[in-house]
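# A structural walkthrough
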Amino acid sequence: MTRAIVLHSLLLTLAMPLTLLLCTETRAADPAPLRWDRSESSVALVRGQQVLWRFHHGSTLDVPYFHPLSTEGGRVLTWDRPADHAWHHGLWFCWKYINGVNYWEHDRQTGRPAGRTETTDVRVETRDDHSARVSLTLAYHPDGDEDVVLRERRRIIISAPNAHDEYSLDWVSEFTAGNNRVELDRTPPKEQSWGGYAGLSVRFAKEMVDRQAISERGPVEFGPGNRHRSRATSIDYSGTIDGEPVGLAFLDHHENPRHPTPWYIIRSPVTSYVNAALLNDEPMTLEPGRSMTLRYRVIVHPLRWDAARLKTEQTRFQQSSLSF
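One structure accompanies this document, and this report is about it. Owing to the predicted nature of the structure, the values given are computational and were not obtained by experimental measurement.

## Observations concerning the overall build of the protein
Counting its secondary structure elements, the protein contains two helices and 23 strands. Its C-alpha atoms give the protein principal-axis dimensions of roughly 100 × 45 × 40 Å. Taking all 324 residues of the protein together, 51% fall into the buried category. Taking all contacts inside the protein whose residues are at least 6 apart in sequence as the whole, residues at least 24 apart take part in 62%. On the protein, roughly 15600 Å² of surface is accessible, and the fraction owed to carbon and sulfur atoms is 51%. Charge centroids of the protein, computed over 38 positive and 41 negative side chains, lie 2 Å from each other.

Listed below in structure tokens is the structure:
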């Protein structure tokens, strides 16, 4: 009996390192916990060394913006300041012309837009469930002129990511004209070419390949210029990064002016781009003191979505109430 007890104890001792090793490997395979990373000019949700999303709001920026927007495994969907368009900033909002002044492209002499977008009163609320709420105020005026022509109140609610790092951004912007009439304009669209863009945009990562776009009606077709323009309640743009399918869905709220919005989409060899092109068909004016509100939902997701999934998400969005 004594020998049996000794032998049993010896076997337990020999097995213990293997058990500890297996437990260690199991713990190592678990995803790192999420944490907040905040500074004076940005806020980010981080897992280990991976930034799931970061919102940049520094006062010296031309526009506030999101970059990166990432999915499971650290696959970054967005591109900030590409060499061909240095004014593209991941996911961002920018008007093209306000009263004839360009707020979009950089002036060659100053390296900044002639129209300035000033960000103030930034408030960030990060929550224990890893959702967040961001609110800010923006003032639009020509460079060198302190008279504000257009003001904006913006609120963005970022959901907590699910188990697959899928998450949404609910975006509400209220624009109010100053003391004078405001004309919002764009470069008139050219068939199968540039123009028509202004508003909410995303520039996708150069690593994204095998790209496609769908609306709630099904796949969209790209013309000879690798462009697509159409009206739809929602658009999903997807591709693969490192062999894994990823995508980003844009949902247009039914209370938006000109709903369903015109979309401007590019799938060229070097450019992957989507714009909720509110001004594609014609300019828009705001009378002095009058306001306009835009509401969107953006969903960052793994895998490819089909039209049925996109339509389901659009229905959910239409049932939501987005306000201040």
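## Details of the pattern of salt bridges
Between side chains of opposite charge, a pair can form when the charged atoms approach closely. Per the stated rule, a full pass over the model turns up 21 salt bridges. A salt bridge links Glu-105 to Lys-96; the nearest nitrogen and oxygen atoms lie 3.5 Å apart. For Glu-105, a relative accessible area of 19% gives the class buried. The closest approach of N and O atoms between Arg-295 and Glu-255, which form a salt bridge, is 3.4 Å. Of this pair, Arg-295 sits in strand β23 (residues 291-302) while Glu-255 sits in the loop between β19 (244-252) and β20 (262-267), and the two are 40 residues apart along the sequence. We classify Arg-295 as buried; its relative accessible area is 13%.

## Some remarks on the nonpolar core
If you look at the biggest cluster of nonpolar residues, it comprises 70 residues, and the most contacted ones within it are Trp-53, Phe-66, Leu-91 and Trp-95. Excluding residues within four positions of it along the chain, Phe-66 makes contact with Trp-53, Arg-54, Phe-55, His-89, Gly-90, Leu-91, Ile-156, Ile-158, Leu-169 and Trp-171. Membership of the second largest hydrophobic core comes to nine residues, among which are Ile-214, Ala-249, Ile-299 and Trp-305.

## Some remarks on unusual backbone geometry
Following His-67, the chain continues to Pro-68 via a peptide bond in cis, the omega torsion being 0°. Residue His-259 is joined to Pro-260 through a cis peptide bond whose omega torsion reads -5°. Following the sequence through the fold, Pro-260 ends up in the loop between β19 and β20.

## Topic: the side chain of Asn-275
Structurally, Asn-275 is set in strand β21 (residues 272-276). For Asn-275, a relative accessible area of 0% corresponds to the buried category. Of note is the side chain of Asn-275, whose polar atom sits 3.0 Å from the side chain of Ser-201. The residues contacting Asn-275, other than those within four sequence positions of it, are Gly-196, Tyr-197, Ala-198, Gly-199, Leu-200, Ser-201, Pro-262, Trp-263 and Tyr-264.

Thresholds, definitions, all that
Residues numbered from 1 in each chain as written. Predicted model: local features only at pLDDT ≥ 70, side-chain atom pairs only at ≥ 80, totals over all residues. Heavy atoms only, no water. Helix = DSSP H or I, 4+ residues; strand = E, 2+ residues; numbered from the N terminus. Buried < 20%, exposed > 50% of the residue type's maximum accessible area, 1.4 Å probe, protein only. Contact = heavy atoms within 4.5 Å. Areas by Shrake-Rupley, 256 points an atom, 1.4 Å probe, with all protein chains shown as cover. Lys, Arg positive; Asp, Glu negative; His and termini not counted. Charge placed at Lys NZ, Arg CZ, Asp CG, Glu CD. Salt bridge = Lys/Arg side-chain N within 4 Å of Asp/Glu carboxyl O. Core = buried A, V, L, I, M, F, W, Y, C linked by side-chain atoms within 4.5 Å. Polar contact = N/O pair within 3.5 Å; in protein donor to acceptor, adjacent residues only side chain to side chain.

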